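# Inside the fold
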Amino acid sequence: MKSPFSFRLWILPALGIFLLACGFCLPLRSVLPAGGGAPVDWLFLALGGGFLAAWAAVKYLLPALGGAIADFIYGDAHLASDEPLLRLTDEARRTRSAEALERLRRFAEENPRRLRAWTEYAAALKEYYGRPREAAGVYEQAAARVRGMQDKALLLYRAACLYDALGVHDKALSLWREAARRHPRAAYGRVSREKLEERGEDLPGSTGCS
């Protein structure tokens, strides 16, 4: 089901098109005093253009900016303090040994607030050890241990995507709903909401009305 917000959003372009039509088509000069039509025409055109611009910004610009910001925050750039973790990740990649994976797991457990410790551990499970379901569980569990709504929303989103790829669709939808409900202002909370909308699912806080 679409959210009430999605329905209300379409009021903006509808009003914009209506006002532009008024500005272009209504014979205002024939019914207003001499010289009085032009300012009203321009007012309709300005308002119509403003409504269309506002709709485009909310519909396309803000989600794009949110994605760019999220990519910047969660990209490949890392701090010097990440070097021990990256060495462990590289060891797991090269050796694919149980010992290397255990060292990576222990690092995450000893640094439970560090987002990257969990994402590297989960990525190693999925990419190097062929255990994507365990990786999804790591993301899900880590969401309860890290701090900050951005980090929590990211982990829930990644867990949901992995479960979805594995065909565990009910679990994926549940985690997307959790991310959207608990962290609606986080970048991946919004992306989770978009995932639910794409699939025609009821949204957190929705009345269930289309």
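None of these values were measured; they are calculated from a predicted model.

Right, let's get into the overall build of the protein chain. On a plain count of helices and strands, the protein chain comes out with 11 helices and 0 strands. Ordered by position in the sequence, the α and β elements of the protein chain form the string α-α-α-α-α-α-α-α-α-α-α. Of all 210 residues assigned to the protein chain, the portion counted as buried reaches 36%. Put simply, of all contacts in the protein chain between residues at least 6 apart along the chain, 56% involve residues at least 24 apart. Accessible surface, the protein chain: about 12,200 Å² in total, of which carbon and sulfur atoms supply 61%.

This part covers the nonpolar core. In terms of nonpolar packing, the biggest core is built from 42 residues, with Leu-104, Trp-118, Tyr-121, Leu-155 and Trp-176 touching the most fellow members. Sorting the residues of this core by element identifies helix 5 (83-95), helix 6 (98-110), helix 7 (115-127), helix 8 (132-142), helix 9 (149-165), helix 10 (169-182) and helix 11 (187-198) as the ones contributing at least two each. Not counting residues within four places of it along the chain, the set of residues in contact with Trp-118 comprises Ala-108, Glu-109, Asn-111, Pro-112, Val-138, Ala-142, Arg-145 and Val-146.

Moving on: the environment of Val-168. Mapped onto the elements, Val-168 comes out in the loop between helix 9 and helix 10. The sequence separation of Val-168 and Arg-133 amounts to 35 residues, and the corresponding C-alpha distance is 9.7 Å. If sequence neighbours within four positions are ignored, Val-168 has contacts with Arg-133 and Tyr-163.

This part is about the packing of helix 9 against helix 11. Contact pair helix 9 / helix 11: the axes reach a minimum separation of 7 Å and the direction vectors enclose 35°. On the side of helix 9, the interface is formed by Gln-150, Ala-153, Leu-154 and Tyr-157, while helix 11 contributes Ala-187, Tyr-188, Gly-189, Val-191, Ser-192 and Lys-195. Its residues placed into classes, the contact of helix 9 with helix 11 shows 6 nonpolar, 3 polar and 1 charged.

Take the side chain of Asp-82 next. Within the secondary structure, Asp-82 sits in the loop between helix 4 (37-73) and helix 5. Assessed through its relative accessible area of 8%, Asp-82 is described here as buried. Beyond its immediate stretch of four places on either side in the chain, Asp-82 contacts Arg-114 and Arg-116.

Viewed as axis vectors pointing N to C, helix 5 and helix 7 meet at an angle of 5°, and their least axial separation amounts to 10 Å. In this view, helix 5 runs roughly parallel relative to helix 7, as classed from their interaxial angle. Residue-level inspection shows Leu-85, Leu-86 and Thr-89 of helix 5 in contact with helix 7, the latter providing Arg-116, Ala-117 and Glu-120. Grouping the constituent residues of the contact of helix 5 with helix 7 by class yields 3 nonpolar, 1 polar and 2 charged.

Moving on, we get to the pattern of salt bridges. Considering all chains together, one arrives at 13 salt bridges under this definition. Residues Glu-120 and Arg-116 are paired through a salt bridge, measuring 3.1 Å at the closest nitrogen-oxygen approach. Remark: Arg-116 and Glu-120 occur in helix 7; sequence separation between them is 4 residues, near one turn of the helix. Accessibility expressed as a relative area gives 14% for Glu-120, which makes it buried. The partner of Glu-134 in a salt bridge is Arg-131, and the shortest N-O contact between them spans 2.9 Å. Looking at Glu-134, the relative accessible area reads 40%, which means it is partly exposed. You can call Arg-131 partly exposed: its relative accessible area is 32%. Overlapping salt bridges, with partners in common, bring together Asp-90, Arg-93 and Arg-94 in one network.

Confidence in the prediction for the protein chain averages 77 pLDDT; 57% of positions are at 70 or higher. Per-element confidence in the protein chain is highest for helix 8, whose mean pLDDT is 97, and lowest for helix 1 (residues 4-9), whose mean pLDDT is 46. The low-confidence segment residues 75-80, where pLDDT is below 50, has 6 contacts with residues more than four positions distant or belonging to other chains. Low pLDDT, under 50, characterises residues 206-210; the stretch is placed with 9 contacts to residues that sit more than four places away or in other chains.

This part is about the side chain of Glu-120. A polar contact is formed between the side chain of Glu-120 and the side chain of Thr-89, at a distance of 3.4 Å. Beyond its immediate chain neighbours, meaning those up to four positions away, Glu-120 contacts Leu-85, Leu-86, Thr-89 and Leu-104.

About the cut-offs
- For every chain, the first residue of the written sequence is number 1, and numbering continues from 1 onward in sequence order.
- Given that the model is predicted, a residue must reach a pLDDT of at least 70 before its local features are reported, and side-chain atom pairs must reach 80 or more before they are shown or counted; all residues, however, enter totals for whole chains, interfaces and linings.
- Side-chain numbers here rest on the full set of heavy atoms in the structure, without hydrogens or water.
- Helix and strand assignments come from DSSP, with helices taken as H or I runs of at least 4 residues and strands as E runs of at least 2, each series counted from the N terminus.
- Classification of residues uses two cut-offs on accessible area relative to the type maximum, computed with a 1.4 Å probe and protein chains only: under 20% is buried, over 50% is exposed, and between them is partly exposed.
- Throughout, a residue-residue contact means that at least one pair of heavy atoms, one from each residue, lies within 4.5 Å.
- We get accessible surface area from the Shrake-Rupley algorithm with a probe of 1.4 Å; when it comes to residues, only the shown protein chains can shield them.
- The definition of a nonpolar core used throughout is a set of buried Ala, Val, Leu, Ile, Met, Phe, Trp, Tyr and Cys residues joined through side-chain atoms within 4.5 Å.
- Axis angles are defined between N-to-C directions and span 0 to 180 degrees, where every axis is a line fitted to C-alpha atoms and, for a helix, only to the segment in contact.
- The nonpolar class holds Ala, Val, Leu, Ile, Met, Phe, Trp, Tyr, Cys and Pro. Asp, Glu, Lys and Arg form the charged class, and all remaining residues, Gly among them, are polar.
- Here the word oblique covers every angle except those under 35 degrees (roughly parallel), over 145 (roughly antiparallel) and from 65 to 115 (roughly perpendicular).
- Salt bridges, as used here, are contacts in which a Lys or Arg side-chain nitrogen is within 4 Å of a carboxyl oxygen on Asp or Glu.
- The predictor attaches a confidence to each residue, and that confidence, scored 0 to 100, is pLDDT.
- What qualifies as a polar contact is a pair of N or O atoms within 3.5 Å, subject to a donor-acceptor requirement within protein and to the restriction that residues adjacent in sequence count only when both atoms come from side chains.

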